[in-house]
Amino acid sequence: MAGILSNKFACDLEYVMSALGQVLVEINHAELLPFLPFGKDNSFALTDVESKDVIHLLSLSFQLLNMVEENVSVQHRRASQVEGCLEQESGLWPRTLRQLRDEGIGESEIRSVVRHLQVEPVLTAHPTESKRATILAHHREFYLQLVKRENRMWTPVEQNWNTDELKALLEILWRTGSEFVERPDVSSEIQNMMHYLKNVFPNLLPWLDKRFAQAWKECGFKSELDFLAGDYPTFRLGTWVGGDRDGHPFVSAEITEKALLDLRLNALILLRHKLTELIQSLSIADRSEGVSDPLRDRLQQYRERFPELHARALGRYTGESLRLLIQIMIERLPIEVVREHATQLKENAWSYREPTEVEQDLSLLARALKEIGSWRLANTAIHNVMRLLETYGFHTARLDIRQNSRFHEDAFQEILALAGVPHGDTFGQWSSEKKSSLLAAELQSARPFTLCTQIYDGKANDVKKCLQVIHSYRERYGSEGIGSYIVSMTRSEDDLFIVYLLAREAGLVQSVEGHWVCPVHVVPLFETIDDLKKSAAILDAFLKHPVTRASLLYQMKERGLQTPQQQIMLGYSDSCKDGGILASQWHLYRSQCELLEVAKRHGVELSFFHGRGGTVSRGAGPVHRFVQSLPPAAVKGSFRMTEQGETIARKYANQATAVYNLEILLASVTSETLRGAEKRPQEHWVSEVMGLLADVSFAKYRQLIGREDFLRFFRQVTPIDVLEHYRIGSRPSKRTGVSSLEDLRAIPWVFSWNQSRFYMPSWYGVGTALSELERLHPALFVRLCEQLNQVDLLNYVLHNVETTVASASEEIMLAYADLVDDRAVRSTHMELILSELRLTRKNLMKVFGESIEHRRPGVMKTISLREPSLKLLHKMQIQLLKEWRHTDPDDRKQRDMLLEKIFSTINAIAGGLRNTG
């Protein structure tokens, strides 16, 4: 199979690149043919050819290569389906269900977990998507052309037509600017996200369910799956786009309100579309099959409650009771169609108020069909509408709000000053004891500091208006569309209590049974190593408080849960930026263990929200391996995970890939929920090893980034100064604008190291840590090497580290080092970094027993195929950086021209590496 896969890849890539070469000739760019990559001769030498055209060609070539690889992977999975059965790839339903069955877990237990799954990918707009939405749309069309080529039904003439269509797309891609002309605003990011919510995710649901049902059958389970009983694994969606205001001055209350309303409108439009399809298909006459009593009773109820509505529908569908009910359902949706099919929100007296009302009518339709023997129609047509409703509700995706704890403190200080609290205008300078004392006293009262009519300025105004938008939406539409209120950089429980008081100021709190409660779920985000260490104590103090307990009970009843549930968000990016990969992963693991113990004492169930990015140093890695590496009982059917920037397009742009990624996520969470509770805690020797590795690597990493001249080195050896101008997201690269490592966001930190091929945050300190383990505890080192496959966390982390180490290039790193103007600074840092890189390679080979070239040839082939083109791009970027940095600051025209070229190299290199940050 590997040989067949390799041959197919080579054939497809040759076909695509040949077509691109023909297009170049046809549009008078034959001079670029020597730069076509991925051929036998991969050596490039720049002549007098315009460099921006070469950059554009290589960038486009990487995009095409990535799509060819994706299609070949999909076709490989399809080809592995034999004898009418699904593929048996690790992480997918067929193997997952079989493993659970073989371990003695019965179908009733699996069904119970599936019915209560709370799996939620959360789409974010972090600035890691370097491609314009227009380019992404063209990519989707090009990918469909590759899929079309898989069909062997075409005649030679038709194949030529298909090739012409593909070449036309190549010409469009060539002639379309690949970078943003202006930095995208939040509205454009919302539109980009809405593409996936409108056009991608709704179409995945039938395929996900069909695959689950097929895997269930193949596993030998006897009971029939019933969609009305919730027997199919459901995911729901969350988003930060329009709600994440952490260091983002452009996310206003108006933006948040518009995002909430757009999300609601989208869900209702999709539901209306599904019901319209349903009414077209269910053309069953009453006289042929009769009308069930429940259906007749429901129609009579509607006739009595909404006579005008019933009469209007009856005029269209007399004698077709199924269609009559569906037409009434369409009319009851709280939207209206105006002006040439434009749709807007509108509440009428007869409108549905809750999705559960639609669900009741759909269930009645399904039972009516089953009563006349139309099981197939119920299990397809009604099933698909029901699954959309379960996934999207009336809100599409829950919108999270995120804000920094420091911003909240500043806003609270403004309110105290306005209210005349003594020394309130210096609240940020108070001792922690004095702050806690004031907060404790205020939390006993539901009385706000100021009148509801009080007008605020500054940060207090921003926070209050945002909370009032949440309050208004909840009052009008309910709580389903509102996600969590996330407090980034949570340093103490007071950071969470301040949000309660800010909510009180905005009129958001409620009085319930003698207690005041905050109906919005306040979620701490623990990001730095120090905050992770303190997280258990912070949670303990938070859960002890009466307001928290009352609020969680209120939220439990509102959401229909059996146990109070507290969400905890964990920051993978900032913890790695803070302490390096091993310290980050170990303290994230330990923190979860300790947090689970605290929650258990308080009778609260924890739901972890994993803030993972698209690269190893930001928490990326195969999701099923990641879920498997989590602590015992950390997954109890509830799992949230960010999908950031470019990761969204990479995982969900094309249907087959999207189904694959969502299936792995659902199957992994189901498996870990059933098996995780039985997992034994890590053996003592494993904890000892992980603790030592984390401590040593942390010290090594901090020693490097803590050097007095490190910031100077970093800003010259990477294109971070250009990335601060790069137009790939609406969010500024710094939280407050201060030029320091602490203020720099994790995304540009990682992005810049990747561009210069250091990948430093994802491996630095690992080599020294493994050496120290071998020196101090040789027996433990040997045991680790022998039993690594049994140590899920370290096995997962070291495999990811190995991948980034393989991608790091000493040759390219040294070329970027020439940009550092101080020879002593350059040589000192490069000696530290290169010696650690070599030590890491050496020790990884010891741990794994052989080199990555022997163990994972596919990874190395992917890297080596891209390397010649990447080397040329890096060479061009380095030269452009030199020119840009030495151009007169007053020569704006020249600087802007150079900046545009550097942007192009950044975009191209990101495409070649398949990631930004």
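See above for the structure.
Residues numbered from 1 in each chain as written. Predicted model: local features only at pLDDT ≥ 70, side-chain atom pairs only at ≥ 80, totals over all residues. Heavy atoms only, no water.

(A) Region of the structure containing the overall build of the chain. A count of helical and extended segments in the chain gives 37 helices and 12 strands. The buried share among the 917 residues of the chain stands at 60%. For the chain, the exposed surface amounts to about 37,700 Å²; the carbon and sulfur share of it is 50%. Taking the average location of the 111 positive side-chain charges in the chain and that of its 118 negative ones, the two points are 1 Å from each other. (Helix = DSSP H or I, 4+ residues; strand = E, 2+ residues; numbered from the N terminus. Buried < 20%, exposed > 50% of the residue type's maximum accessible area, 1.4 Å probe, protein only. Areas by Shrake-Rupley, 256 points an atom, 1.4 Å probe, with all protein chains shown as cover. Lys, Arg positive; Asp, Glu negative; His and termini not counted. Charge placed at Lys NZ, Arg CZ, Asp CG, Glu CD.)

(B) How the structure looks around helix α31 (residues 778-787). Here α31 has its buried residues at L780, F781 and L784. Along the axis of α31, the buried residues cluster in a sector spanning 105°; they form a single face. Opposite the packed face of α31, turned more than 90 degrees from it, sit the exposed residues A779 and E786. Buried residues along α31 sit in contact with α26 (684-705), α30 (766-776), α32 (792-807) and α34 (823-848). (Arc of directions from axis to C-beta. Contact = heavy atoms within 4.5 Å.)

(C) Representation of the environment of I906. Relative to the helices and strands, I906 is located in helix α37 (residues 892-913). Residue I906 is classed as buried on the basis of its relative accessible area of 0%. Along the chain, I906 and F751 lie 155 residues apart, while their C-alpha atoms are 9.6 Å from each other.

(D) Region of the structure containing the state of the cysteines. Tallied over the entire structure, the rule returns 0 disulfides. C518 supplies the cysteine sulfur nearest to C466, a cysteine that is in no disulfide, at a spacing of 12 Å. (Disulfide = S-S within 2.5 Å.)

(E) Just the environment of V200, in detail. As for its placement among the helices and strands, V200 is situated in helix α7 (residues 186-218). For V200, a relative accessible area of 8% gives the class buried. Through-space distance from the C-alpha of V200 to that of M897 is 38 Å; in sequence the pair is 697 residues apart. Sequence-distant contacts of V200, defined by excluding residues within four places in its chain, comprise H195 and Y652.

(F) Summary view of the nonpolar core. Counting 285 residues, the largest nonpolar core has F201, L362 and W749 as the members making the most contacts within it. For F201, the contacting residues outside a window of four places in its chain are L123, Y196, F235, L237, Y392, Y652 and L662. Counting residues in each nonpolar core, the second largest holds 7 residues, with V523, L525, M569 and F609 among its members. (Core = buried A, V, L, I, M, F, W, Y, C linked by side-chain atoms within 4.5 Å.)

(G) Molecular detail of helix α15 (residues 405-419). Look at α15: 21 Å from first C-alpha to last across 15 residues, which is about the 21 Å you get at 1.5 Å a residue. By the burial criterion, the buried members of α15 are S405, F407, H408, E409, D410, A411, F412, Q413, I415 and L416. Lining the buried residues of α15 we find β5 (398-404), α16 (432-442), α17 (458-477), β6 (482-488) and α18 (494-505). One side-chain oxygen of the residue at the start of α15 lies 2.9 Å from the amide nitrogen of R406, identifying that residue as N404. (Expected span 1.5 Å × (residues − 1). Polar contact = N/O pair within 3.5 Å; in protein donor to acceptor, adjacent residues only side chain to side chain.)

(H) Quick peek at the packing of aromatic side chains. Under the counting rule described, the total for this entry stands at 30 aromatic pairs. Aromatic pair F710 and F713: ring centres 6.5 Å apart, planes at 40°, arrangement tilted. Residue F710 and its partner F713 are both found in helix α27 (residues 710-717); the two are separated by 3 residues, about one turn of the helix. A relative accessible area of 0% means that F710 is categorised as buried. Centroid distance W749 to W753: 5.7 Å. Interplanar angle 85°. Geometry classified as edge-to-face. Residue W749 and its partner W753 are located together in helix α29 (residues 746-755), separated by 4 residues, close to a single helical turn. The pair formed by W749 and W753 is uniform in burial state, with each residue classed as buried. An aromatic cluster of at least three residues, connected via ring pairs, comprises F710, F713, F714, W749, W753 and F758. The ring centre of Y456 lies 4.5 Å from the NZ or CZ of K464, which sits over that ring. Over the ring of F449 we find R504, and its NZ or CZ is 5.1 Å from the ring centre. (Phe/Tyr/Trp six-rings, centres within 6.5 Å; stacked < 30°, edge-to-face > 60°. Lys NZ or Arg CZ within 6 Å of the ring centre and 35° of its normal.)

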